[in-house]
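Chain and residue survey
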Amino acid sequence: MPELDILHGFEFLVLRLKGDYARHHWVPFPARLEIHPEAFAIGTQRKSYESCTVDDSPEFDYQDSLEPVAADYVPRPLAARKAKGKCYSRYLKLLKAGELFVKVRGKEIIFAMGLHAVRVHFGLEGTMIILRTEDYLEIVAQDCPGNNRDPAKAEQMRSFVVPEHLTIPGARKLNKLQTLAIFAAVVGEENTLIMVDHNRLLRLHIMSLSRPWTQADLDPGSLLWPKIWSLDHGPDWIHEQAAAEKALDQWRTSILAAEAKKRAPKGKKALFPPSLLTVICNKQEVFNGYGQHTTHDLLHSLGLWPTMPPAVLCADDKMYEEFKNALSMYARQYITDTYRERCLSTPDPNSPLAYNYKSDDNYLQQFLNVFRKCQIRMPKDEYNKFTKLGLFNPSHIIGKQLTSLRSTLYSNWDNRPRLSMINYHYLGTPYQYTEDELAHVTYKDVTVFQYTCGRNSDPIYSVIRAQRPPHWRYSVASVAVAKDARHAGFQTTIGPASFHAFKQNQYDPEGKGKPGRISIFLQHPK
């Protein structure tokens, strides 16, 4: 799922595009919104799914009369049929262009132009692609049934055919046309931004005003700011650090208050407390932008076990302050020049769908730490920090037992006693390490382990080998060396380059070039 690293990358790419246009033309970048309902998801009989919604709050006072439909305008038949009776049908007409503005907040991004703004949540594998407007118009001129296995649904969820000249010669053979499921486009005079998702989980939310949108509308503190973002997504850890830290402090207070109630004589505890990893990924009101891989790497940088109960973190002032400072510090690496130069470059402006080998390699090597890695290189100071905490010692229990109290744990569903066990209280008494355990070289290569607990549990990635307290999740787990994302081949993994639209144009390492010539696999741009 695109997380804060990807979203802030999108924002940078758009701002760079705007800057380039202004330097060449001496005017702001003009753009208009187009949507493509023929690509939208249709849901199932059991669960409906809306790919596009429209905000009808009083603040968004747009009227259709502000943009009359041209007399000669004919909507695309499939789009019109799919949009019939839907709130977004009004946006099938040719909308007026206006200056483009962009803003990211965690896992959401807003594009505003003219009278309209669209908020995008990219779902599991959605992405934004910048291409020339003439190429965009050529792509959307030809559609085909989508990638759904059910032919009837494939007819209703269409894709657009990528012309052959936009594919990469010599890329892996797919035995079929390359296609893109384009949900929306921000159409400029020279370049267009397309929102693409072959899984069709991408979501659009359109907000329209009776006046043109301005940059001030997208700045924190504006009158519209509280209205333009999802209610379940909180402050951004880069753009709104102070507000994010305030939300975090309130979350800490609620965690400690809930923990105090659990300790009351009549309180009943769940079998296991929730894990810190799960809470960070799910509670976007506080940790907006963080997901599985960013949270894993954040917690690794702090030397924390991912399934530590939040109450343990919140009860320790020193640990909590380090965690609080790290949230913004970790996020800010994705707005540095280093990240942008190494991971957001364009491999070939004439081939916007080219797979960016340089970006993918740099991201997986330099900006992905423990998540889906089989081995990492730890600097001496970091390695010794883990060693002094006993985190590499399989005989050590994280922290040190101070007191114990036998109590009964209750299940969540029938309120019956399920397990009688000892609750341990760990205060983090220093581990007694030896000098032989410490690193005396510049770095150490350390194995990353994948911990699993049952078929349906998400894997945990960590270099930590110490035992977990018995009341923590994954205290008992299957352990194996993690499978490395760098060995995933044609599968999508993590990073700005690893999306389906680009992976379609990845060279096949087993592909054969012309006799007497270098293999096509060795000719890709570095």
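For the structure itself, consult the block above.
The residue numbering used here restarts from 1 in each chain and proceeds along that chain's sequence as written. Whole-chain, interface and lining totals are the exception, using all residues; otherwise, since this is a predicted model, local features are given only for residues with pLDDT of at least 70 and side-chain atom pairs are given and counted only at 80 or more. Side-chain metrics in this entry use all non-hydrogen atoms of the structure; hydrogen atoms and water are not considered.

1. Overview of the side chain of H205
With respect to the secondary-structure elements, H205 resides in strand β13 (residues 203-208). According to the relative accessible area criterion, H205 is buried, its value standing at 12%. N or O atoms within 3.5 Å of each other form a polar contact, as long as, within protein, one can give a hydrogen and the other can take it, and as long as residues adjacent in sequence are counted only when both atoms are side-chain atoms. At 3.1 Å, the side chain of H205 and the side chain of D55 are in polar contact. Contact criterion: two residues are considered in contact whenever any of their non-hydrogen atoms come within 4.5 Å of each other. H205 has contacts with T53, V54, D55, A117, V118 and R119, leaving out every residue within four places of it along the chain. Secondary structure elements follow DSSP: runs of H or I of four or more residues count as helices, runs of E of two or more count as strands, with numbering from the N terminus. The buried label applies to any residue whose accessible area, calculated with a 1.4 Å probe on protein chains only, is under 20% of its type's maximum; exposed applies above 50%, and partly exposed to all values in between.

2. Some thoughts on unusual backbone geometry
As a rule of thumb, non-glycine residues mostly have phi less than zero, and peptide bonds are mostly trans rather than cis. We note that R200 has phi near 60 degrees; this positive angle belongs to a residue other than glycine. For Y474, which is not glycine, the phi dihedral falls at a positive 65 degrees. Positionally, Y474 belongs in the loop between β19 (460-462) and β20 (478-481). For Y474, a relative accessible area of 12% corresponds to the buried category.

3. Quick word on the sheet that holds strand β9 (residues 158-161)
Pairing is antiparallel across the open sheet formed by three strands, whose spatial order is β8-β9-β10. The sheet is open, and its two borders are formed by β8 (143-145) and β10 (179-180), each paired with just one other strand. Two strands form a pair only when DSSP identifies at least two bridges running between them. Examined bridge by bridge, β9 and β10 share two bridges and lie antiparallel to one another. Counterpart to F160 in the pairing with β10 is L180.

4. What about the nonpolar core?
In this text, buried Ala, Val, Leu, Ile, Met, Phe, Trp, Tyr and Cys residues form a nonpolar core when linked through side-chain atoms within 4.5 Å. Formed by 127 residues in total, the largest nonpolar core has its most connected members in F111, M195, F287, Y290 and F323. Examining the composition of this core, we find that nine residues originate from one element, helix α1 (residues 4-25), more than from any other. Of all hydrophobic cores here, the second largest spans 13 residues; its members include A112, L209, W225 and I228.

5. A few points about the packing of helix α8 (residues 292-302) against helix α13 (residues 380-388)
Note on definitions: angles span 0 to 180 degrees between N-to-C directions of axes, and those axes are lines fitted to C-alpha atoms, for helices only across the stretch in contact. The contact between α8 and α13 brings their axes to 9 Å, and the two run at 75 degrees. Taken together, the axis directions place α8 and α13 in an arrangement best described as roughly perpendicular. Residues H300, S301 and L302 of α8 form the contact with α13, whose own contacting residues are E382, K385 and F386. Under the scheme applied here, ten amino acids are nonpolar (Ala, Val, Leu, Ile, Met, Phe, Trp, Tyr, Cys and Pro), four are charged (Asp, Glu, Lys and Arg), and all others, including Gly, are polar. Along the lines of polarity and charge, the residues of the contact of α8 with α13 split into two nonpolar, two polar and two charged. Under this scheme an angle from 65 to 115 degrees is roughly perpendicular, one under 35 degrees roughly parallel, and one over 145 degrees roughly antiparallel; angles in between are oblique.

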